[in-house]
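# Coordinate analysis (summary)
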Amino acid sequence: MRQLVTAVLTLSLSPALARAQEPTAPPEPPAAQAPTSEDGASTQVPPADAAPADADLVERMTNAEGKVAALEEQNTETKNDLISLKKLKISGYVQARYQYQESLDDTGTGGFSRFAIRRGRIKTTYTTDWSQLLLQIDAVPTSPFVTVRDAEATLFIPGTHQQAGLTLGQMKWPFGYEAVQSSSDREIPERTRVVRAFLPDERDRGVKFAGTFLEGKVNVSAGLFDGDGIFNQGFIGSDNDKEKDVIGRAGFDLGWLSGGVSGWYGHTITKAPSDTFRRAYTRDRVALDAQLYLDVLPLGATAIKGEYITGTSYWKSSGDVKVEQPGVPASGWYGLVVQNVGLSNAVAVRYDFFDPENGRKNSASDGRPASTNSVGTLAVAVLHYVGENLKVTAAYEMPMTAHPGDAQDPHDNLFTIQMQARY
């Protein structure tokens, strides 16, 4: 840039420089008598000296070069700032809700009508050629008020162009499809019952390898984790035993069709209700998932998604507490259809089924179905996108608990209206 500005200044000043460098003609010999004014004083003007003009030109050139140097320094600082900003990405979203659930029985007990902030996420990602930092927190008006969701340090493997890396920290389990999917992208407000049972809070601490191959058509992720999740009661932020679980998924992505197979194997050292002392129980899962994307209807694009999970030692919710069911076999699946209507609207229908104790018959007591009975849930949602940053969802979920004999299905249908704003 200095050379460009110097060239422009040289071209603009070249006439003056040329005149300053022209040889001066020798002075004519003075006349015999210089003209005088009326009072007799001489009016002869002395010849101009070229030296002051040369000095002025040099000074102007020096000042111009100084300005060019200052502009170059400012340009370098600006480029460095822009490079740093390109490495940093900050995003976030808020999910604000109103929910209404029916009373659980004819006496009016249970049920609720409430406003809530389900999620308030802030995510920061800093990526360089060799590494990546990811930190995501959740700030909501419930205890604990602020929690760390993701805290990852990633080293990209040299020569892979950031397509493969090793991550250490707190992250999502590399298992299945819905557990890994961002909550901001999901069509139904909450994850399915089977995913919440086998992968509560979707995250854990460990180490993971992840990579994509064959131009993104094949993806593999696998790691070693504590296995207890991030909100294991009494051991939040730490492991409750020395056991580690191996978890991984191998998938494919053809654009219009994607899917994968997932596996989990490990142990948990805990005490079941029938145990006197703690002992090791197997904790394992197997999952299959597939996603089909079509664009054949005139209304808009269509997505069909499904997933099946089976395994042992799932978690069961008891109020706000999740209690592991060691050694208990369970299974479940879901199917989801999403139909876009134009560019700003969509309709989603999902059915999920969860059997909390495989091989055990459904039962009832005092006219109520047992807590171990299977549950199928039908959910319907209407979505409207207000620009790129706001999504409004109205969803109605109808859980149907198996109720043999004269037992009654609990009245626990749930209506949710949610506004999600993101940046």
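Refer to the structure printed above.
These notes cover the structure that comes with them. For clarity, every value in this text was computed on a predicted model and none was experimentally measured.

Okay, the overall build of the chain next. Looking only at helices and strands, one finds three helices and 20 strands in the chain. By residue count, 35% of the 423 residues in the chain fall in the buried class. Sequence separation of at least 24 residues holds for 55% of the intrachain contacts in the chain that already meet a minimum separation of 6.

As a further point, take the pairing of strand β9 (residues 257-270). Relative to β9, strand β8 (residues 245-253) runs antiparallel, the two being bridged by eight bridges. Residue pairing for β9: Arg249 is matched across the bridge by Ser262. Linkage of β8 to β9, two consecutive antiparallel strands, is achieved through a turn of three residues, within which Gly255 is found at a positive phi near 90°.

Right, let's get into the side chain of Asp228. Of note, Asp228 is situated in the loop between β7 (218-225) and β8. Polar contacts involving the side chain of Asp228 include one to the side chain of Arg283, which spans 2.6 Å.

Let us now look at the packing of aromatic side chains. Scanning the model with the defined rule gives seven aromatic pairs in all. An angle of 65° between the planes, with centres 6.4 Å apart, marks the rings of Phe198 and Tyr314 as edge-to-face. Of this pair, Phe198 sits in helix α3 (residues 193-198) while Tyr314 sits in the loop between β11 (302-312) and β12 (315-318); the two residues are 116 residues apart in sequence, bridging distant segments of the chain. Like Phe198, the residue Tyr314 is buried in the burial classification. For the cation-ring pair, Arg114 lies above Phe112, with the distance from its terminal atom to the ring centre recorded as 3.8 Å. It is Arg285 that lies over the ring of Trp264; its NZ or CZ is 4.6 Å from the centre.

This part covers the nonpolar core. Membership of the largest hydrophobic core comes to 18 residues, with the highest contact counts inside it found for Trp173, Phe175, Phe198, Leu199, Ile309, Tyr314 and Phe354. With four residues, the single largest contributor to this core is α3. Setting aside chain neighbours within four positions, we find Tyr314 in contact with Ala197, Phe198, Arg285, Val323, Glu324, Gln325, Val328, Ala330, Phe354 and Pro356. Counting ten residues, the second largest nonpolar core, distinct from the first, contains Ala303, Leu336, Ala348 and Ala381.

Under the criterion given, the structure shown has 20 salt bridges. For the salt bridge of Glu190 with Arg119, the shortest nitrogen-to-oxygen distance reads 3.6 Å. Note that Glu190 is positioned in the loop between β5 (164-172) and α3 and Arg119 in strand β2 (residues 112-127), a separation of 71 residues in sequence. Of the residues examined, Glu190 reaches a relative accessible area of 15% and is grouped as buried. Between Arg283 and Glu324 there is a salt bridge, with the nearest N and O atoms lying 3.0 Å from each other.

Another point: the environment of Asp241. Structurally, Asp241 is set in the loop between β7 and β8. Take Asp241: its relative accessible area is 12%, and that puts it in the buried class. Along the chain, Asp241 and Ile269 lie 28 residues apart, while their C-alpha atoms are 6.3 Å from each other. Here Asp241 is in contact with Asp228, Thr268, Ile269 and Arg278, once residues within four sequence places are set aside.

Moving on, we get to the pairing of strand β18 (residues 375-386). Relative to β18, strand β15 (residues 345-355) runs antiparallel, the two sharing ten bridges. Bridge pairing in β18 links Val347 to Val382. Here twelve bridges tie β18 to strand β19 (residues 390-401), and the two strands are oriented antiparallel to one another. If you follow Val382 over to β19, its bridge partner there is Ala394. Taking the residues that link successive antiparallel strands as the turn, the β18-β19 hairpin has three residues, and the phi of Gly387 there is positive, at about 70°.

The phi torsion at His161 lies on the positive side, around 55°, for a residue other than glycine. Mapped onto the secondary structure, His161 falls in the loop between β4 (146-156) and β5. Its identity is not glycine, yet Glu215 carries a phi of approximately 60°, on the positive side. Along the chain, Glu215 falls in the loop between β6 (203-213) and β7.

Moving on: a nonpolar patch on the surface. Taken together, Leu294, Val296, Leu297, Leu299, Ile304, Val337, Val341, Val347, Val349, Val380 and Val382 make up a surface patch of nonpolar side chains, about 820 Å² in accessible area. Broken down by secondary-structure element, the contributors of at least two residues to the nonpolar patch are β14 (329-341), β15 and β18. In this fold, Leu297 is placed in the loop between β10 (279-294) and β11. Classification of Leu297 as partly exposed rests on a relative accessible area of 43%.

On to the environment of Glu307. Residue position: Glu307 is located in strand β11. Taking the relative accessible area as the measure of exposure, Glu307 reaches 5% and is therefore buried. In contact with Glu307, other than residues within four places in its own chain, are Gly176, Tyr177, Glu178, Ala287, Leu288, Asp289, Gly332, Trp333 and Tyr334. A distance of 3.2 Å separates a polar side-chain atom of Glu307 from the backbone nitrogen of Tyr177. Polar contacts involving the side chain of Glu307 include one to the side chain of Tyr334, which spans 2.8 Å.

Reading the values: rules and limits
- Residues numbered from 1 in each chain as written.
- Predicted model: local features only at pLDDT ≥ 70, side-chain atom pairs only at ≥ 80, totals over all residues.
- Heavy atoms only, no water.
- Helix = DSSP H or I, 4+ residues; strand = E, 2+ residues; numbered from the N terminus.
- Buried < 20%, exposed > 50% of the residue type's maximum accessible area, 1.4 Å probe, protein only.
- Contact = heavy atoms within 4.5 Å.
- Pairing = 2+ DSSP bridges.
- Polar contact = N/O pair within 3.5 Å; in protein donor to acceptor, adjacent residues only side chain to side chain.
- Phe/Tyr/Trp six-rings, centres within 6.5 Å; stacked < 30°, edge-to-face > 60°.
- Lys NZ or Arg CZ within 6 Å of the ring centre and 35° of its normal.
- Core = buried A, V, L, I, M, F, W, Y, C linked by side-chain atoms within 4.5 Å.
- Salt bridge = Lys/Arg side-chain N within 4 Å of Asp/Glu carboxyl O.
- Patch = residues over 30% accessible without salt bridge, like charges linked within 9 Å, V, L, I, M, F, W, Y side chains within 5 Å.
- Areas by Shrake-Rupley, 256 points an atom, 1.4 Å probe, with all protein chains shown as cover.

Purely geometric stuff here, so don't read any function into it on its own.
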